[in-house]
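# Coordinates in review
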Amino acid sequence: MASLRSFLRSGKTFVILFVVTSCASVFQVNVRDALNQAMDEELERDERVFLLGEEVAQYDGAYKVSRGLWKKYGDKRIIDTPITEMGFAGIAVGAAFAGLRPICEFMTWNFSMQAIDQVINSAAKTYYMSAGFQTVPIVFRGPNGSSAGVAAQHSQCFAAWYGHCPGLKVVSPWNSEDARGLLKAAIRDDNPVVFLENEMMYGVPFELSEEMMHKDFVIPIGKAKVERQGTHITLVSHSRCVGFCLDAAAVLAKEGVECEVVNLRTIRPLDVDTIEASVMKTGNLVTVEGGWPQYGVGAEICARIMEGPAFNYLDAPAVRVTGVDIPMPYAKILEDHSVPQIKDIIFSVKKVLNM
Amino acid sequence: CRHEAASVVVSSRSYADFTPEATFDIKKVDLHRLEEGPPLTSTLTREDGLKYYRTMQTIRRMELKADQLYKQKIIRGFCHLYDGQEACAVGIEGGITLSDHLITAYRAHGYTLTRGGTVREIMAELTGRREGIAKGKGGSMHMYTKNFYGGNGIVGAQVPLGAGVALACKYLGTDQLCVSLYGDGAANQGQIFETYNMASLWKLPIIFICENNQYGMGTSVERASASTEYYKRGDFIPGLRVDGMDVLCVREATKFAADHCRSGKGPILMELQTYRYHGHSMSDPGVSYRTREEIQEVRSKSDPISMLKDRMLSNNMASVEELKEIDIEVRKEIEDAAQFATTDPEPPLDDLCSHIYANEKSFEVRGATPWTKLTSHS
């Protein structure tokens, strides 16, 4: 970068353009920066967008996701709140009622439980109750699910709880492309969106193309993506577990098993069509999630497959890989055994394929 | 023809005989963290007096009609009636404008009216019909109009929502404010104290109003609150305790509060001491936790409509016939609305899944069985 700058200063313009073009085709962006840039661009694009939450302004964000935004946009648009989730979530929803487009950050989604009434009863249901009179263009975002060593009260996955409720859109990005495109889409959406990030993914870099870096790059909410084509079995996942599925697929490929990996991207509305098409192609299904098994995302997917045309294509019952059905323990060895690991995915695939 | 003649007689009287305006002494307001309060007198014009009378009477009769329809099982579910508290809704509206914002809890029919709804669409919502103000999708507690955010069913939740509306007013640089109402029961909610804090920190243009009708469902204020001085509960927020049965008191206090907000001083809190004649809802007869004598005493001594009527008549601001004429018109309006609300058809089943998302193309919604495929329209 420094050499590029001195090159520019030297005045050799057209040579520089050539250099810049050929360098600019791919960007290494981690998830945190992808989220940051998405918010920055949307704040710039629409004056009604603003961010509120604990430590989002002067601290640059508890996880630095909002780094630099307060410096750029000031107190009016980046607001530090007291530690009063129910109150500030309600304030955010009220601001959305009155025409603003708030981004309400929960430091982690665990704390959203203090405010869940505002998310569900004030935000999700209002458009319906008012028969289309009152819109609620709000994004609730923050890290969801397990982290590292933060124990039971700070490790819950809320995909299933929020995914249960009509009126909400629930989005769960995996990589930087997802984070960027889905957050922009969420902010531009006129409906309440629950945006489930993952702390462990914040620091992970991914390649973004020039097209993805465009300020109007959005990913449609409600569309899953096939991350890896396969023929023998479908792996459906969301958030961090998508990466595990791809890792498991790489190992299984060496044994001649080709896994198709579907990245849900959106929990609600669920893209059943993409999942069905994949299952109808492969004949086998394993779902992978970090959350608990009972009444979870995988349970919903299996039920939908049972109820739809893809059932007739299954060669074996569909199976779920999930977090262990316990509150998250602290000790590393216990924590490691509380979450789905790559070996669990490989084991389940082999079981389903009767290998 | 006779009616026409009578109104000609009335109007020819009005120019000659009626007092165009009069000034009334109103009860002193208790103050918290305020050096001065609203004035001790209020000037009422004949025009405003007739308007307040008509509106309060409309609310009264509309609520009584709702009572009737509920007992006939034409209205079902929740129905929280406002009769007795009319001076609050009407007085508040007298102190702000329709470009200001307002949000309240579930005892909301009166506010839906003062905020621009019609009796017809309110009643049709109560009976769950397609011409209801929320197309039958909301019911008693979920009615909305421009700058009126309901109608909210969860006790206390409306207060932070109101602060959010106020934040938007400040953010967008308008001169508008938001009135955020709650009851004596809700006054103990934690989220209200969270809202007091943020509204004060950020100097939001919000008027918190506690409608203290003495009872939170079946629990009297003494049994629910360690401090029943609700106007002081905002602590660092200046407060006023106001006679909520006197529409002029409420109006003057609201004007005072609105000036406070609009001058950038931040939030202010008003406690309106009022009373509901009905029980908490239609499922509550309202006499197990209070005596019939108490209800009767309030009716005879403090009824808001009677108070206004007596003031106007004794100051020659209106005639008995004129007010009776208004009563008749109101009764007719309510009858027509009730008739409409009972005969308008129920919402079409096509509407079942509509209004899930805004500005979205139609999508499929799962019905009660996997084979029932329904469609949602925005």
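Where an unreviewed UniProt entry is consulted, chain B appears under the name Pyruvate dehydrogenase E1 component subunit alpha, with the organism given as Esox lucius. UniProt annotates chain B under Subcellular location (unreviewed entry) with the comment "Mitochondrion matrix". According to the UniProt record, the Function (unreviewed entry) comment for chain B reads "The pyruvate dehydrogenase complex catalyzes the overall conversion of pyruvate to acetyl-CoA and CO(2), and thereby links the glycolytic pathway to the tricarboxylic cycle."

Chain A appears in an unreviewed UniProt entry as Pyruvate dehydrogenase E1 component subunit beta from Esox lucius. As recorded by UniProt, the Catalytic activity (unreviewed entry) comment attached to chain A reads in full: "N(6)-[(R)-lipoyl]-L-lysyl-[protein] + pyruvate + H(+) = N(6)-[(R)-S(8)-acetyldihydrolipoyl]-L-lysyl-[protein] + CO2". Chain A has a UniProt comment under Subcellular location (unreviewed entry) that states "Mitochondrion".

## Focus: the side chain of A:Thr266
Residue and element names in this part refer to chain A. Residue position: Thr-266 is located in strand S12 (residues 266-268). Note on Thr-266: relative accessible area 0%, which makes it buried. A polar contact is formed between the side chain of Thr-266 and the backbone nitrogen of Gly-222, at a distance of 2.8 Å. With residues near it in sequence (within four places) discarded, Thr-266 still touches Val-170, Val-171, Ile-221, Gly-222 and Lys-223.

## Points about the confidence of the model for chain B
Residues and elements named next belong to chain B. When pLDDT is averaged along chain B, the result is 95, and 96% of the positions lie at 70 or above. This stretch, residues 1-12, has a pLDDT under 50; its non-local contacts, to residues over four places away or in other chains, come to 3 contacts. What the predictor reports for the complex is a pTM of 0.94 with an ipTM of 0.94.

## Topic: the confidence of the model for chain A
Chain-level statistics for chain A give a pLDDT mean of 95 and a share of 93% at 70 or above. Here residues 11-21 of chain A is a poorly scored stretch, pLDDT under 50, and it has 6 contacts once near neighbours within four places are set aside; other chains count.

## Here we look at the pattern of salt bridges
As enumerated under the stated definition, the model contains 46 salt bridges over all chains in all. Among the salt bridges present, the one from A:Glu42 reaches A:Arg45, with a minimum N-O distance of 3.8 Å. Note that A:Glu42 and A:Arg45 are positioned in helix H3 (residues 31-45) at a spacing of 3 residues, about one turn of the helix. With a closest N to O distance of 3.7 Å, B:Asp48 and B:Arg251 form a salt bridge. Of this pair, B:Asp48 sits in helix H2 (residues 46-71) while B:Arg251 is found in helix H9 (residues 247-265), placing the two residues 203 residues apart along the sequence. Exposure remark for B:Arg251: the relative accessible area of 3% places this residue in the buried category. Residues joined in a network through salt bridges with shared partners are A:Glu41, A:Glu42, A:Arg45, A:Arg180, A:Lys184, A:Arg188 and A:Asp216.

What counts, and where the lines are drawn
- Residues numbered from 1 in each chain as written.
- Chains lettered and ligands numbered in written order.
- Predicted model: local features only at pLDDT ≥ 70, side-chain atom pairs only at ≥ 80, totals over all residues.
- Heavy atoms only, no water.
- UniProt positions renumbered as here; feature names shortened; annotations may be inferred.
- Helix = DSSP H or I, 4+ residues; strand = E, 2+ residues; numbered from the N terminus.
- Buried < 20%, exposed > 50% of the residue type's maximum accessible area, 1.4 Å probe, protein only.
- Polar contact = N/O pair within 3.5 Å; in protein donor to acceptor, adjacent residues only side chain to side chain.
- Contact = heavy atoms within 4.5 Å.
- pLDDT = per-residue confidence, 0-100.
- Salt bridge = Lys/Arg side-chain N within 4 Å of Asp/Glu carboxyl O.

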